Amino acid sequence: MRILVIGGGAREHALCHALSRDTEVTALHCAPGNAGIAEVATVHPVDALDGAAVAALAGELAADLVVVGPEAPLVAGVADAVRAAGIPVFGPSAEAARLEGSKAFAKDVMAAAGVPTARSYVCTTAEQIDTALDAFGAPYVVKDDGLAAGKGVVVTEDRARAREHALACERVVIEEFLDGPEVSLFAVTDGTTVVPLQPAQDFKRAHDGDAGPNTGGMGAYSPLPWAEPGLVDEVRETVLEPTVAELRKRGTPFSGLLYAGLAVTSRGVRVIEFNARFGDPETQVVLARLRTPLSGLLYAAATGELAALPPLRWSEGAAVTVVIASEGYPAAPRTGDPITGLDAVAERDAPDAYVLHAGTRRGAGGEVLSAGGRVLSVTATGPDLTAARSRAYTAVGRIGLKGSHHRGDIARAAAEAAAGPA
């Protein structure tokens, strides 16, 4: 199988990393890619938002499957353009991707499908915003209706800050605060059959102890030893399958990766948000544990054959990802600095730990330079969370990037709880 992956972040590197080890993949391409992806796939310059350009590249490469990684190309209709060219594509149509592109649309779908979620108001005026803030009270949850790269949500006790964020959005969703731990659950679907993956938990705040500003994600781990054994089945039955069925009923079937961001509250599981693609950094740990070849899973979804796929196989162990972010991230990330230690990780820690590139590029002399806010995802596996954490942080310690920062508490509480009393 010849595969083209669209995107250039750590999520796409994780996809390419898994596909590069898949014996069914005979040629692997990525556009536009990054410095790390170029080591496992042939990279091509392309405007990822230009559906015609992506479809043309896929045709030139004789791709058997196109995998669209980021949300912006999906919302822009890139998957539609590739499908129109007769090439199987993993990723929903622009219409179905509105599930992520518009939080108001997602709320409407959930209401119609009977999916449990937070009560909310959709606001476009200052008067509506004030009414909604008063109705729910603190802590305030304010979400930009459109795409915001994982940073359009403000959760705060400060009403003035909540109101300021709401007024800065053209359209905003204000909702009740959901208590309880958060869970990310991905599901692969062909629009009819829904196949959940293993759950993960990510860490949105920039600093240890969930302090600091919201980010695109500073780390993740899987599995979740504290989760109830029936959680995945419950979410499949009450959230994923009803949502897919509702979209199919509306004539806009969802084919690709449906990501449910969940809160396990005192009143049961509630949906915080939907995404229309693999999440970053959860993809890094989920794919690290997947033993079923990835190409066959994605191709079955793209061609409507998921029902015939055997049950997925998973590692019994654990995976942890720690994100290394550039100086100033998320407010004003510094870029262009050299990154050291990548060879040391490859030589001393592989295959148990490895580095996935997010925001990197090659310099004129071939050196790897930072090129974004989240620069690297250091991912490690182990027999349990304690071992995976140790391996991940050992590898993080070998990396040098001026002014960079990372969280030191990724998966710590879960690992300690799973290990029990000393």
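Residues numbered from 1 in each chain as written. Predicted model: local features only at pLDDT ≥ 70, side-chain atom pairs only at ≥ 80, totals over all residues. Heavy atoms only, no water.

**Student:** Would you explain helix H13 (residues 385-396) in this entry?
**Tutor:** One full turn of an α-helix is made of 3.6 residues, so residues set three or four places apart face in the same direction. Look at H13: 16 Å from first C-alpha to last across 12 residues, which is about the 16 Å you get at 1.5 Å a residue. Within the span of H13, buried status applies to Leu385, Ala387, Ala388, Arg389, Ala392, Tyr393, Ala395 and Val396. For H13, the elements touching its buried residues are strand E15 (219-222), strand E18 (318-325), helix H12 (342-348), strand E19 (353-357), strand E22 (374-382) and helix H14 (412-419). Between the side-chain oxygen at the start of H13 and the backbone nitrogen of Thr386 there is a gap of 3.3 Å, and the oxygen is on Asp384. (Helix = DSSP H or I, 4+ residues; strand = E, 2+ residues; numbered from the N terminus. Expected span 1.5 Å × (residues − 1). Buried < 20%, exposed > 50% of the residue type's maximum accessible area, 1.4 Å probe, protein only. Contact = heavy atoms within 4.5 Å. Polar contact = N/O pair within 3.5 Å; in protein donor to acceptor, adjacent residues only side chain to side chain.)

**Student:** Where do I start with the side chain of Glu12 in this structure?
**Tutor:** If you trace the backbone, Glu12 turns up in helix H1 (residues 10-20). Side chain to side chain, Glu12 and Arg11 meet in a polar contact 2.7 Å long.

**Student:** Help me understand the side chain of His405 in this model?
**Tutor:** Mapping His405 onto the fold places it in the loop between H13 and H14. Judged by relative accessible area, which is 17%, His405 ranks as buried. In this structure the side chain of His405 is engaged in a polar contact, spanning 3.5 Å, whose partner is the backbone oxygen of Ser326. When residues no more than four places from it in sequence are discounted, the contact partners of His405 are Ala206, His207, Met218, Val323, Ile324, Ala325, Ser326 and Tyr329.

**Student:** I'm lost on the nonpolar core in this one. Help?
**Tutor:** The tendency in soluble globular proteins is for nonpolar side chains to be buried as a group. Among the nonpolar cores identified, the biggest contains 77 residues, and Leu4, Val66, Leu99, Leu240 and Val320 are the most heavily contacted of them. At seven residues, the largest contribution of residues to this core is made by helix H9 (residues 231-249). Aside from chain neighbours lying at most four places away, what touches Leu99 is Phe105, Ala106, Val109, Thr243, Leu247, Phe254, Leu258 and Phe274. (Core = buried A, V, L, I, M, F, W, Y, C linked by side-chain atoms within 4.5 Å.)

**Student:** Which parts of the structure should I look at to understand the sheet that holds strand E9 (residues 172-175)?
**Tutor:** With antiparallel pairing, four strands are arranged side by side in an open sheet as E6-E9-E7-E8. Unpaired on one side and paired on the other, strand E6 (120-123) and strand E8 (153-156) mark the two borders of the sheet. Recorded for the sheet is a direction-independent mean angle of 20° between the axes of neighbouring strands. For E6 and E9, the ladder comprises four bridges, and the chain directions are antiparallel. In the strand pairing of E9, Tyr121 is matched with Ile174. Seen against the sheet, helix H6 (residues 103-113) touches E6, strand E7 (140-144) and E9 and runs at an angle of roughly 50° to E9. (Pairing = 2+ DSSP bridges. Axes fitted to C-alpha atoms, helices over the stretch in contact; angles between N-to-C directions.)

**Student:** Looking at this model, I keep getting lost on empty space enclosed by the protein. Mind explaining?
**Tutor:** With a probe scaled to a water molecule rolled over the atoms, the places where space remains empty come into view. Taken as a whole and assessed by the stated rule, the structure comprises one cavity of 30 Å³ or more. What lines the largest cavity is Ala14, His17, Thr283, Gln284, Leu287, Ala288, Tyr354 and Leu356. For the lining of the largest cavity, the elements supplying multiple residues, two or more each, are H1, helix H10 (282-289) and E19. Sort the elements by how many residues they give to the lining of the largest cavity and H10 lands first, with four residues. Taken together, the residues of the lining of the largest cavity break down into five nonpolar, three polar and no charged. (1 Å grid on protein atoms, 1.4 Å probe; cavity = no way out; pocket = protein on both sides within 12 Å on 5 of 7 lines; lining within 4 Å. Points joined across faces, edges and corners; volume = space filled by probe spheres on them. Nonpolar A, V, L, I, M, F, W, Y, C, P; charged D, E, K, R; others polar.)

**Student:** Teacher, can you tell me more about the packing of H6 against H9 here?
**Tutor:** For any two helices packed against each other, the geometry comes down to the angle between their axes and how far apart the axes lie. Where H6 contacts H9, the two axes come as close as 9 Å, and the packing angle between them is 100°. Here H9 runs roughly perpendicular to H6, going by the angle between their axes. Together, Phe105, Val109, Ala112 and Ala113 of H6 and Pro242, Thr243, Glu246 and Leu247 of H9 make up the contact between the two elements. (Parallel < 35°, antiparallel > 145°, perpendicular 65-115°, else oblique.)

**Student:** Got a minute to help me understand the environment of Leu167 in this structure?
**Tutor:** In this structure, Leu167 sits in helix H8 (residues 159-168). For Leu167, a relative accessible area of 42% translates into the label partly exposed. Spatially, the C-alpha atom of Leu167 lies 23 Å from that of Lys204, the residues being 37 residues apart in sequence. Not counting residues up to four positions away in its chain, the partners in contact with Leu167 are Ala126 and Ile129.

**Student:** So what exactly am I meant to see when it comes to the sheet that holds strand E11 (residues 194-196) here?
**Tutor:** Two strands in a sheet stick together by hydrogen bonds in their backbones, pointing the same way (parallel) or opposite ways (antiparallel). Overall, antiparallel pairing links the four strands, which are arranged E11-E10-E16-E17 in an open sheet. Two strands close off the open sheet at either side, each with one partner strand: E11 and strand E17 (268-275). With direction set aside, neighbouring strand axes in the sheet form an average angle of 35°. Two elements, strand E10 (residues 182-189) and E11, share three bridges in a ladder whose sense is antiparallel. Note that in E11 the partner of Thr189 across the bridge is Val194.

**Student:** Please clarify how the pairing of strand E4 (residues 65-68) should be interpreted in this entry.
**Tutor:** On a regular strand, one side chain projects to one face of the sheet and the next to the other, so that they alternate. Side chains Leu65 and Val67 of E4 all project onto a buried face; the interleaved residues Val66 and Val68 project onto the opposite face, where all are buried too. One ladder, built from four bridges, connects strand E1 (residues 2-7) with E4; its direction is parallel. Across the sheet, Leu4 pairs through a bridge with Val66, a residue of E4. Pairing between E4 and strand E5 (residues 89-90): two bridges, direction parallel. Of the residues in E5, the one forming a bridge with Val66 is Val89.

**Student:** Which parts of the structure should I look at to understand the packing of aromatic side chains?
**Tutor:** Here the distance between the centres and the angle between the planes together describe a pair of aromatic rings. Tallied over the full model, the rule gives five aromatic pairs. Ring centres 6.1 Å apart and planes at 45° place the aromatic pair Phe203 and Tyr221 in the tilted group. One end of the pair, Phe203, is in the loop between strand E12 (201-202) and strand E13 (205-207); the other, Tyr221, is in strand E15, and 18 residues separate them in sequence. Summarising the burial analysis for this pair, Phe203 and Tyr221 share the class buried. An aromatic cluster is present here, built from Phe90, Phe186, Tyr259 and Phe278 joined pairwise through their rings. (Phe/Tyr/Trp six-rings, centres within 6.5 Å; stacked < 30°, edge-to-face > 60°.)

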